[in-house]
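So you can see what is in the structure, the chains are spelled out below.
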Amino acid sequence: MIELEGVPELIDPVMVAAFEGWNDAGDAASTAVAHLEREWKGEVFAALDAEDYYDFQVNRPTVFMDGGVRKITWPTTRLSVVRVSGEKPRDLVLVRGIEPSMRWRSFCNELLGFAHELGVELVVILGALLGDTPHTRPVPVSGVTSDPDLARRMDLEETKYEGPTGIVGVLQEACTHAGVPAVSLWAAVPHYVSQPPNPKATLALLNRLEDLLDLRIPQGELSEDARAWQVGVDQLAAEDSEVAEYVQTLEEARDTAELPEASGEAIAREFERYLRRRDVSPPGGHATADGGDASYLRDSPGGKARPPRPPRPGASGTSDGSSEGSADGPADGSAEGSSEGGDEDTSED
């Protein structure tokens, strides 16, 4: 039995989780939870025992000085709680950590123990993967669930993915089997510029979370950071004609695919978000659409985040969105995947 001393009774609590590593391209998901914790001044009330779940040769502890005393920070997963004020106040239980190296079922059971003790009504897991999406367009974010009733009620995709998965997929299924409603939100990060941070993808995840939970999330400096990020990538892409041509190809494919949806639903969501804000002041590779490793997309030796030369269309090894593989998420974020009810990309949950 998990004892939670010092945690007050929570109001309509929702657990929001993200994990660094394979399901966190551009660090977009973990940065989103960190943003919530920072903006709402979250207070950590629990941490999982690092000895139980982490290989310290994979995720090494760090040493720091505190008042002249050397201390060690161990890689782990921490839980904090924040209260969202407003007409209908509610609490968020934030889970931020690293994808565990071992004992995933025990890891999920421990998190579900916290959820049960705190009366969590919904679990939302954030993820990000690499996909064939242009950086010049809005970041696609899809919402998926294993619960058909929840899919209908919250206008989500019902996942039917089969294949390799990460901790996001395992935790979502653990929630489903435990009878806890669970949703995964996936942002698609351009595979040709995957180096973290990616504030544009982080902002897109937070906007989708706003819509899902019907609340307002303070953006802080994220909007300006996202604009600066896009300007920087524009400049880098313009330096290489092949990259610029490839980006244009992705833009054309994206615009053609979305043409039938130029109507109401996306516009209505943006308008509702505007209304909410109007009166308020304010390690390892990543999962890809085809399950490959993204280690080749690391920063250059000189430290300049230069987009690599893209594979020519049709060349072997390119990500065409035909299978999700190990991504557990959408290839372009617009839907969860053809194997899970989407039209083009193939992602899990």
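Please read these numbers as outputs of a predicted model, since none were measured by experiment.

## As for the overall build of the chain
Helix and strand counts for the chain come out as nine helices and 10 strands. As displayed, the chain offers around 16900 Å² of accessible surface, 50% of which is attributable to carbon and sulfur atoms.

## Focus: helix H6 (residues 199–213)
The first and last C-alpha atoms of H6 sit 21 Å apart over 15 residues, in line with the 21 Å expected at 1.5 Å per residue. Once H6 finishes, Asp214 follows within two positions and takes phi at roughly 55°, a positive value.

## Quick look at the sheet that holds strand S1 (residues 14–20)
Strands pair in a sheet through their backbones, by hydrogen bonds, and they do so in one of two ways: parallel or antiparallel. Spatially, the eight strands line up as an open sheet ordered S2-S5-S6-S1-S7-S10-S8-S9, and their pairing is mixed. Two strands in the sheet have a free side with no partner beyond their single neighbour: strand S2 (43–47) and strand S9 (157–158). Helix H5 (residues 167–177) contacts S1, strand S7 (122–131), strand S8 (141–145) and strand S10 (182–190) of the sheet and is inclined by roughly 165° relative to S10. Packed onto the sheet, H6 meets S1, strand S6 (90–98), S7, S8 and S10 and runs at close to 155° relative to S10.

## Quick look at the nonpolar core
Val16, Leu92, Val124, Leu126, Leu185 and Leu213 are the most contacted members of the largest nonpolar core, which has 40 residues in total. Considering each element in turn, this core owes the most residues, eight residues, to H6. Membership of the second largest hydrophobic core comes to 36 residues, among which are Val7, Leu48, Val95 and Leu111.

## Let's talk about the packing of aromatic side chains
If you walk through the whole model with that rule in mind, you get five aromatic pairs. The interplanar angle of 65° and the centroid separation of 5.8 Å between the aromatic rings of Phe19 and Phe107 together place this pair among those described as edge-to-face. Of this pair, Phe19 sits in strand S1 while Phe107 sits in helix H3 (residues 104–118); the two residues are 88 residues apart in sequence, bridging distant segments of the chain. Judged by relative accessible area, which is 2%, Phe19 ranks as buried. Judged by its relative accessible area of 0%, Phe107 is buried. Considering the side-chain rings of Tyr53 and Phe107, the 5.3 Å spacing of their centres and the 85° angle between planes classify their relative orientation as edge-to-face. Here Phe107 lies in helix H3 and Tyr53 lies in helix H2 (residues 50–53), a separation of 54 residues in the sequence. Assigned by exposure class, Tyr53 and Phe107 land together as buried. Each residue in the set Phe19, Tyr53 and Phe107 is aromatic and connected to the rest through ring pairs, giving one cluster.

## A look at the confidence of the model for the chain
Scored by pLDDT, the chain has a mean of 79; 72% of the residues are at 70 or more. In the model, residues 292–349 has pLDDT below 50 throughout and makes 195 contacts with residues more than four positions away in sequence or in other chains.

## Quick word on a nonpolar patch on the surface
A cluster of nonpolar side chains, namely Val63, Ile72 and Trp74, defines an oily patch on the protein surface of about 280 Å² accessible area. Mapped onto the secondary structure, Ile72 falls in strand S4 (residues 69–73).

## Observations concerning the environment of Ala151
Tracing the sequence through the fold places Ala151 in helix H4 (residues 148–154). Residue class for Ala151 comes out buried when judged on its relative accessible area of 7%. Taking the C-alpha atoms as reference, Ala151 lies 8.8 Å from Val183; in sequence the two are 32 residues apart. The residues touching Ala151, leaving out its near neighbours within four places in the chain, are Thr145, Leu156, Glu157 and Glu158.

## Remarks on the pattern of salt bridges
A full pass over the atoms with the stated rule returns seven salt bridges. The closest approach of N and O atoms between Asp66 and Lys71, which form a salt bridge, is 2.8 Å. For Asp66, a relative accessible area of 38% puts it in the partly exposed group. Note on Lys71: relative accessible area 37%, which makes it partly exposed. Two residues, Arg152 and Asp149, come together in a salt bridge whose shortest N-O distance is 2.3 Å. You can see Arg152 and its partner Asp149 sitting in helix H4, three residues apart, about one turn around the helix.

## As for helix H7 (residues 222–238)
Taking 1.5 Å per residue, 17 residues should reach 24 Å; H7 reaches 24 Å between its end C-alpha atoms and fits that length. For H7, every residue scored as buried is listed here: Leu222, Ser223, Ala226, Trp229, Val233, Leu236 and Ala237. End-on view of H7: buried residues confined to an arc of 150°, all on one side of the axis. Exposed residues on H7 whose side chains face more than 90 degrees from its buried face are Arg227, Gln235 and Ala238.

Rules of the game
For every chain, the first residue of its written sequence is number 1, and the numbers climb from 1 along that sequence. Per-residue local features are limited, in this predicted model, to residues with pLDDT of at least 70; the limit for side-chain atom pairs, both in listing and counting, is 80 or more; totals at the level of whole chains, interfaces and linings are taken over all residues. Only hydrogens and water are set aside when side-chain values are computed; all heavy atoms of the structure are taken into account. Secondary structure is summarised from DSSP: a helix means a run of H or I of at least four residues, a strand means a run of E of at least two, and numbering begins at the N terminus for each. We get accessible surface area from the Shrake-Rupley algorithm with a probe of 1.4 Å; when it comes to residues, only the shown protein chains can shield them. Expected span of a helix: the number of residues minus one, times 1.5 Å. When DSSP finds at least two bridges between two strands, those strands are taken to pair. Contacts were defined at the residue level, with two residues in contact if any of their heavy atoms lie within 4.5 Å. Interaxial angles span 0 to 180 degrees and are taken between N-to-C directions of axes, which are lines fitted to C-alpha atoms, for helices over the stretch in contact. Definition of nonpolar core: a set of buried residues of the types Ala, Val, Leu, Ile, Met, Phe, Trp, Tyr and Cys, connected through side-chain atoms within 4.5 Å. A simple rule labels every residue: compare its accessible area, found with a 1.4 Å probe on the protein chains alone, to the largest value its type can have, and call it buried under 20%, exposed over 50%, or partly exposed in between. Ring pairs shown here join Phe, Tyr and Trp side chains whose ring centres sit within 6.5 Å, with only the six-membered ring taken for Trp; geometry is labelled stacked below 30 degrees between planes, edge-to-face above 60, and tilted in between. The predictor rates its confidence in each residue with pLDDT, a number between 0 and 100. Patches here: salt-bridge-free residues with over 30% relative accessible area, like charges joined within 9 Å, nonpolar side chains (Val, Leu, Ile, Met, Phe, Trp, Tyr) joined within 5 Å. One speaks of a salt bridge when a side-chain nitrogen belonging to Lys or Arg is within 4 Å of a carboxyl oxygen belonging to Asp or Glu. Taken from the helix axis, the directions to the C-beta atoms give the arc we talk about.

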